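Reading the structure
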Amino acid sequence: KAGVTQTPRYLIKTRGQQVTLSCSPISGHRSVSWYQQTPGQGLQFLFEYFSETQRNKGNFPGRFSGRQFSNSRSEMNVSTLELGDSALYLCASSPDGHNQPQHFGDGTRLSIL
Amino acid sequence: SQQGEEDPQALSIQEGENATMNCSYKTSINNLQWYRQNSGRGLVHLILIRSNEREKHSGRLRVTLDTSKKSSSLLITASRAADTASYFCATDKGYSTLTFGKGTMLLVSP
C-alpha cells in the first residue's frame with residue numbers, strides 16, 4: 001500500500017501570497033488531519049476532515065483553510081502569507097480517526113521570504 | 001497548545017545501551033501515542049497505548065502509562081545508531097486530534 005503523499009515537498013513564497021498544499025491519504029483512509037511544525041511552537045493541530053467535512057479545527061486564524069474531496073484527498077490553503085507561516089506542514093491519515101495511529105506524509109516545507 | 005512534555009529534551013547514548021524517555025500530560029486521554037521523526041521527514045507511528053492499559057511492548061520498545069500521574073515512558077532497549085531521531089509523545093482524547101509534546105532528541109553513537 002502506498003503511504004501518505006504530500007506535494008510539493010518544498011515551496012518558497014513571499015509575504016502576502018497564498019499557497020495550496022496537497023495530501024493524498026492511504027487508500028481506504030477517510031480521515032485526514034493537518035499539522036504545522038515549527039521550531040518554536042512544535043507540532044500543532046490545524047484541522048481534520050472526514051468524509052468531506054471538517055470535523056475538528058485547531059486554534060489557527062481563518063487564513064488557514066482546507067477541504068477534502070470525495071476520494072479523500074485533501075488540500076489546505078493559506079492566504080495572505082506571513083513570515084511566521086514558514087513551517088513544515090504535515091498531513092496524516094487514518095481509517096476513521098478515532099483512537100487509531102496516524103500515518104504521516106513527509107510534509108511540505110514552506111518558506112516565506 | 002502543548003499537552004505532552006517530554007523529558008529529557010536531548011539524550012546521548014552509546015549503541016547497545018537503553019534509552020528512556022518520559023512524557024507528562026495535563027488532561028484526561030483516550031490513548032497516548034509515541035512517534036519517531038528523522039530529520040526533515042514525517043512522523044512514524046511507534047506504539048499506541050490506551051488509557052486502560054498500563055504497559056505495552058513492540059519489538060525493542062516498551063511503553064508504560066500511569067494515568068493517575070498523567071505520565072508515560074518509552075524505553076528503547078539495545079539502541080542502534082539507526083534509532084537516532086526525535087521522539088514525540090502525543091495524547092489523543094478520541095476526537096482524532098493529537099496534541100504533541102516538544103519531543104526528545106535521541107543521539108545513538110556507534
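Before going into details, it helps to say that this report is about the structure given with it. (Residues numbered from 1 in each chain as written. Chains lettered and ligands numbered in written order. Predicted model: local features only at pLDDT ≥ 70, side-chain atom pairs only at ≥ 80, totals over all residues. Heavy atoms only, no water.)

1. Concerning the pattern of salt bridges
Residue and element names in this part refer to chain A. On inspection of all chains with the given rule, the structure shows 9 salt bridges over all chains. Here R63 makes a salt bridge to D85, at a shortest N to O gap of 2.8 Å. Note that R63 is positioned in the loop between β6 (53-57) and β7 (64-68) and D85 in the loop between β8 (74-78) and β9 (87-94), a separation of 22 residues in sequence. Looking at R63, the relative accessible area reads 15%, which means it is buried. It is possible to trace a salt-bridge network through shared partners that takes in R63, E82 and D85. (Salt bridge = Lys/Arg side-chain N within 4 Å of Asp/Glu carboxyl O. Helix = DSSP H or I, 4+ residues; strand = E, 2+ residues; numbered from the N terminus. Buried < 20%, exposed > 50% of the residue type's maximum accessible area, 1.4 Å probe, protein only.)

2. Structural notes on the packing of aromatic side chains
On inspection of all chains with the given rule, the structure shows 9 aromatic pairs over all chains. Consider the rings of A:Y35 and B:F100, whose centres lie 5.6 Å apart with planes at 90 degrees: the pair is edge-to-face. Taken together, the residues span two chains, with A:Y35 in strand β4 (residues 31-38) and B:F100 in strand β10 (residues 98-100). A relative accessible area of 0% means that A:Y35 is categorised as buried. With relative accessibility at 0%, the residue B:F100 sits in the buried group. An angle of 85 degrees between the planes, with centres 6.4 Å apart, marks the rings of B:F88 and B:F100 as edge-to-face. With B:F88 in strand β9 (residues 85-92) and B:F100 in strand β10, this pair connects stretches of sequence that are 12 residues apart. Here the two residues B:F88 and B:F100 agree in accessibility, since each one is buried. A network of ring pairs unites the aromatic residues A:Y35, A:F45, A:F104, B:Y35, B:F88 and B:F100 as a single cluster. Directly above the ring of A:F50 sits A:R55, whose terminal nitrogen or CZ lies 4.3 Å from the centroid. (Phe/Tyr/Trp six-rings, centres within 6.5 Å; stacked < 30°, edge-to-face > 60°. Lys NZ or Arg CZ within 6 Å of the ring centre and 35° of its normal.)

3. Digging into the interface of chain A and chain B
In many reports, interface size means the accessible area that the parts give up when they come together. Every contact between the two is made by 24 residues of chain A and, on the other side, 23 residues of chain B. Carbon and sulfur atoms supply 46% of the area that chain A and chain B bury against each other, a total of about 1800 Å² over both sides. Summed over the three residues of chain A that lose the most area to chain B, namely A:L43, A:N99 and A:F104, the buried surface amounts to 33% of that side. Seen at the junction of chain A and chain B, the total is 1 salt bridge. B:R41 is paired through a salt bridge with A:D106; the nearest N and O atoms lie 2.9 Å apart. The tally of links from chain A across to chain B stands at 10 residue pairs in polar contact (both at pLDDT 80 or more). At the level of elements, β4, β5 (42-50), β6 and β9 of chain A are the ones that each hand at least two residues to the side of chain A that touches chain B. At 5 residues, the largest contribution of residues to the side of chain A that touches chain B is made by β5(A). (Contact = heavy atoms within 4.5 Å. Buried area = accessible area lost by both parts, 1.4 Å probe. Polar contact = N/O pair within 3.5 Å; in protein donor to acceptor, adjacent residues only side chain to side chain.)

4. Considering unusual backbone geometry
The residue after A:T7, namely A:P8, is reached through a cis peptide bond having omega -10 degrees. Along the chain, the position of A:P8 falls in the loop between β1 (5-7) and β2 (10-13). Positive phi values are uncommon outside glycine, yet A:T80 reaches one of about 45 degrees. Position of A:T80 relative to the elements: it lies in the loop between β8 and β9. Phi at B:A78 is positive, roughly 50 degrees, even though this residue is not glycine.

5. Details of the side chain of A:S22
If you trace the backbone, A:S22 turns up in strand β3 (residues 19-24). The exposure class of A:S22 is buried, given its relative accessible area of 14%.

6. Re the pairing of strand β11 (residues 104-109) of chain B
Residues and elements named next belong to chain B. Only one face of β11 is buried, namely the one carrying T104, L106 and V108, since none of M105, L107 and S109 on the opposite face is buried. Here strand β2 (residues 10-14) pairs with β11 via 5 bridges, running parallel. Residue pairing across strands places S12 opposite L107, the latter belonging to β11. Looking at chain direction, β9 and β11 are connected through 3 bridges and run antiparallel. Bridge pairing in β11 links Y87 to T104. (Pairing = 2+ DSSP bridges.)

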